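Understanding the architecture of this molecule
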Amino acid sequence: MAIKVEVFSTNSCPHCPAAIDAAQAAKNELGDAIDVEIIKIDESAENRQRAIDYQIMAVPTIMINGELEFLGAPAEGELLDRLKSLI
């Protein structure tokens, strides 16, 4: 079973690209061990509702398996280390 990584972001957030890059780098290194989903909360009502359901009030936010792990953009190594600890 793959680890589910959700990155909540917006198009106007200056820090969100770093969080997305960290998640993509982790996906590149860990391959099928993780499933990365980028959720832009300003692009659809469904995405906004997901953020509300998780009670997300700031972006970027990274959820791992439905649990808040990072508020803000983590360093690539920090996210990778956290994901490796779950494998």
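The following refers to the structure shown. These figures come from a predicted structure and were not determined experimentally.

1. Examining the overall build of the protein chain
- When helices and strands are counted, the protein chain shows three helices and four strands.
- Listing the helices and strands of the protein chain from first to last along the sequence gives β-α-β-α-β-β-α.
- Taken over the C-alpha trace, the protein chain has a radius of gyration of 12 Å; the compact-globule value for 87 residues is 12 Å, and the two agree within 12%.
- Its C-alpha atoms put the protein chain at 30 × 25 × 15 Å along the principal axes.
- Within the protein chain, the proportion of its 87 residues that are buried is 37%.
- Within the protein chain, counting contacts between residues at least 6 apart in sequence, those at least 24 apart form 64% of the total.
- Surface exposure of the protein chain reaches about 5000 Å², of which carbon and sulfur atoms provide 50%.
- Looking at the protein chain, you have 7 positive and 15 negative side-chain charges, and the mean spots of the two groups are 2 Å apart.

2. Some details on the nonpolar core
- One finds V5, V7, I34, I62, I64, L79 and L83 to be the most contacted residues of the largest nonpolar core, which totals 17 residues.
- Secondary-structure elements contributing two or more residues to this core are β1 (3-9), α1 (16-30), β2 (34-40), β3 (61-64) and α3 (76-84).
- A total of six residues in this core trace back to one element, the largest contributor, which is α1.
- Not counting the four nearest positions on each side in its chain, V5 is found in contact with D35, V36, E37, I62, M63, I64 and L83.
- Counting six residues, the second-largest nonpolar core is a separate cluster that includes F8, I39, A51 and M63.

3. Points about α1
- In this model α1 runs 21 Å from its N-terminal to its C-terminal C-alpha over 15 residues, within 8% of the 21 Å that 1.5 Å per residue would give.
- Along α1, the positions that sit buried rather than exposed are C16, A19, I20, A22, A23, A26 and L30. Axial view of α1: buried residues confined to an arc of 160 degrees, hence all on one face.
- Looking at the buried positions of α1, the neighbouring elements they touch are β1, β2, β3 and α3.
- Downstream of α1 by a residue or two, G31 has a phi angle that is positive, lying close to 60 degrees.

4. Comments concerning the packing of aromatic side chains
- In the structure shown here, the tally under the stated rule is one aromatic pair.
- Measuring from ring centre to ring centre gives 5.6 Å for F8 and Y54, while their planes differ by 85 degrees; the resulting arrangement is edge-to-face. Taken together, the positions of F8 in strand β1 and Y54 in the loop between α2 (45-53) and β3 put the pair 46 residues apart, joining distant regions of the chain.

5. Some details on the sheet that holds β1
- Spatially, β2-β1-β3-β4 is the arrangement adopted by the four strands of the open sheet, whose pairing is mixed. In this open sheet, the two edge strands, each paired with only one partner strand, are β2 and β4 (67-71). Going from strand to strand, the sheet's axes swing by 25 degrees on average, the running direction of each strand aside.
- Of the strand pairs in this sheet, β3 and β4 are connected by four bridges, and their pairing is antiparallel. The partner of M63 across the bridge, within β4, is L68.
- Of the strands in this sheet, β1 and β2 touch α2, which is tilted by about 110 degrees from β2.

Reading the values: rules and limits
- Residues numbered from 1 in each chain as written.
- Predicted model: local features only at pLDDT ≥ 70, side-chain atom pairs only at ≥ 80, totals over all residues.
- Heavy atoms only, no water.
- Helix = DSSP H or I, 4+ residues; strand = E, 2+ residues; numbered from the N terminus.
- Rg over C-alpha atoms; globule rule 2.2 N^0.38 Å.
- Buried < 20%, exposed > 50% of the residue type's maximum accessible area, 1.4 Å probe, protein only.
- Contact = heavy atoms within 4.5 Å.
- Areas by Shrake-Rupley, 256 points an atom, 1.4 Å probe, with all protein chains shown as cover.
- Lys, Arg positive; Asp, Glu negative; His and termini not counted.
- Charge placed at Lys NZ, Arg CZ, Asp CG, Glu CD.
- Core = buried A, V, L, I, M, F, W, Y, C linked by side-chain atoms within 4.5 Å.
- Expected span 1.5 Å × (residues − 1).
- Arc of directions from axis to C-beta.
- Phe/Tyr/Trp six-rings, centres within 6.5 Å; stacked < 30°, edge-to-face > 60°.
- Pairing = 2+ DSSP bridges.
- Axes fitted to C-alpha atoms, helices over the stretch in contact; angles between N-to-C directions.

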